[in-house]
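# Descriptive structure summary
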Amino acid sequence: MSKQRSDAKSAYESKRNFERTPEPSGMAGRRTSKAPIFVIQQHDATTLHFDFRLEIDGKLASWAVPKGPSTDPREKRLAVRVEDHPLAYASFEGCIPEGEYGAGPVIVWDQGTYENLRRREAGAAVSMRESLEDGRVEIWLEGEKIRGGYALIHSRLGGKERNWLLIKMKDEGSDARRKPAKTEPQSVRTGRTLEDVRRASRHHR
Ligand code: MN
């Protein structure tokens, strides 16, 4: 039974042709640093969105956030749960070719480490896996653009199982005026914008 499981393709793998897309193949991942990572990729596919990913149990649990993260605690951002991605995806920047799943440019909009904030009433930690199952994730993000507490709540908005909400907590990272998803368009890895990545891929054809 366990063999069958390891032979089965993940949802991530079955959606992609790795001979065509520059995205990383395979779900295997290795990590050396101790704190778990998060990444927020901006992706101009059918629609422009931000992909919010958290390292949990060796994979990247992922949500597509149409408007990106807010720094305003009064704004609730829709976050649509999508398939887990391999850890190696966290550093992926490039252009997914036309005709392939998710075609369009991707940049690493923000990256860093996170801390799990959830505790039982008695003070014991709740694992990230349990938090996902409960539909309540509470984390502290240490990124370059995004810093502070965030909650992901499984709201099932509109009756849809995949719908969660991403909400900023009130803390030193909250700021109703900043709007980084609109005003800070550059990759934290390379300084490139989505347009730069799209243009570079056209020139390389
Ligand atoms: Mn995406």
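Described below are features of the structure shown in this document. Every value quoted in this text rests on a predicted model; they were computed, and no experiment measured them.

## Considering the overall build of the chain
The helix and strand inventory of the chain stands at 5 helices and 9 strands. Traced from its N-terminal end to its C-terminal end, the chain shows the element sequence α-α-β-β-β-β-β-β-α-β-β-β-α-α. Radius of gyration (C-alpha) of the chain: 17 Å, near the 17 Å computed for a compact globule of 205 residues. Dimensions along the principal axes, computed over C-alpha positions, put the chain at roughly 55 × 50 × 40 Å. Here the chain holds 205 residues, and 48% of them are scored as buried. A fraction of 58% describes how many contacts in the chain between residues 6 or more apart in sequence connect residues 24 or more apart.

## Remarks on the nonpolar core
If you look at the biggest cluster of nonpolar residues, it comprises 27 residues, and the most contacted ones within it are Phe-52, Leu-54, Trp-63, Ile-139, Leu-141 and Leu-152. When residues of this core are assigned to their parent elements, the largest contribution, 4 residues, is made by strand E2 (residues 48-56). Apart from residues lying up to four places away in sequence, Phe-52 is in contact with Phe-38, Val-39, Ile-40, Ala-61, Ser-62, Trp-63, Val-65, Ile-139, Leu-141 and Leu-152. Formed by 13 residues, the second largest nonpolar core is a distinct cluster that contains Tyr-12, Val-39, Tyr-89 and Phe-92.

## Brief notes about the coordination of the manganese ion
The manganese ion binds to the protein through His-43 (ND1), His-49 (NE2) and Asp-51 (OD); the donor distances cover 2.1 to 2.3 Å. The buried category is assigned to Asp-51, whose relative accessible area is 6%.

## Details of unusual backbone geometry
With the exception of glycine, the majority of residues adopt a negative phi angle, and the majority of peptide bonds are in the trans configuration. We note that Asp-57 has phi near 50°; this positive angle belongs to a residue other than glycine. Take Asp-57: it is sitting in the loop between E2 and strand E3 (59-65). Phi is positive for Lys-179, which is not a glycine, with a value near 45°. Note that Lys-179 resides in the loop between strand E9 (163-168) and helix H4 (180-183).

## Examining the environment of Gly-149
Along the chain, the position of Gly-149 falls in strand E8 (residues 147-153). For the pair Gly-149 and Arg-16, spaced 133 residues apart in the sequence, the C-alpha separation amounts to 33 Å. Setting aside its immediate chain neighbours within four residues, Gly-149 contacts Leu-117, Ile-139, Trp-140, Ile-167, Lys-168, Met-169 and Asp-171.

## What about the pairing of strand E1 (residues 37-44)?
Of all 8 residues in E1, 7 are buried; the element is thus mostly enclosed. Two strands pair when backbone bridges link them, and E1 and strand E6 (residues 104-116) are joined in this way by 7 bridges, in the antiparallel orientation. Its bridge partner lying in E6, Phe-38 is registered against Gly-112. Examined bridge by bridge, E1 and E2 share 7 bridges and lie antiparallel to one another. Looking across to E2, one finds that Ile-40 is bridged to Phe-52. Remark: 3 residues form the turn of the hairpin made by E1 and E2, two consecutive strands paired antiparallel.

## Remarks on the packing of aromatic side chains
This structure, assessed with the given rule, holds 7 aromatic pairs. The interplanar angle of 50° and the centroid separation of 5.2 Å between the aromatic rings of Tyr-89 and Phe-92 together place this pair among those described as tilted. No difference in accessibility class separates Tyr-89 from Phe-92, as the two residues are buried. Three or more aromatic residues link up through ring pairs in this structure, and these residues are Tyr-12, Phe-18, Tyr-89 and Phe-92. One Lys or Arg, Arg-81, reaches over the ring of Trp-63 and ends 5.2 Å from the middle of that ring.

## Comments concerning the environment of Phe-38
As for its position among the elements, Phe-38 is in strand E1. Taking the C-alpha atoms as reference points, Phe-38 and Tyr-114, separated by 76 residues in sequence, lie 6.4 Å from one another. Setting aside residues no more than four positions away along its own chain, Phe-38 makes contact with Phe-52, Arg-53, Leu-54, Asp-110, Gln-111, Gly-112, Thr-113, Tyr-114, Leu-141, Glu-142, Gly-143 and Ile-146.

Cut-offs used in this document
Residues numbered from 1 in each chain as written. Predicted model: local features only at pLDDT ≥ 70, side-chain atom pairs only at ≥ 80, totals over all residues. Heavy atoms only, no water. Helix = DSSP H or I, 4+ residues; strand = E, 2+ residues; numbered from the N terminus. Rg over C-alpha atoms; globule rule 2.2 N^0.38 Å. Buried < 20%, exposed > 50% of the residue type's maximum accessible area, 1.4 Å probe, protein only. Contact = heavy atoms within 4.5 Å. Core = buried A, V, L, I, M, F, W, Y, C linked by side-chain atoms within 4.5 Å. Donors = N, O, S within 2.8 Å, 3.2 Å for Na, K, Ca; no water. Pairing = 2+ DSSP bridges. Phe/Tyr/Trp six-rings, centres within 6.5 Å; stacked < 30°, edge-to-face > 60°. Lys NZ or Arg CZ within 6 Å of the ring centre and 35° of its normal.

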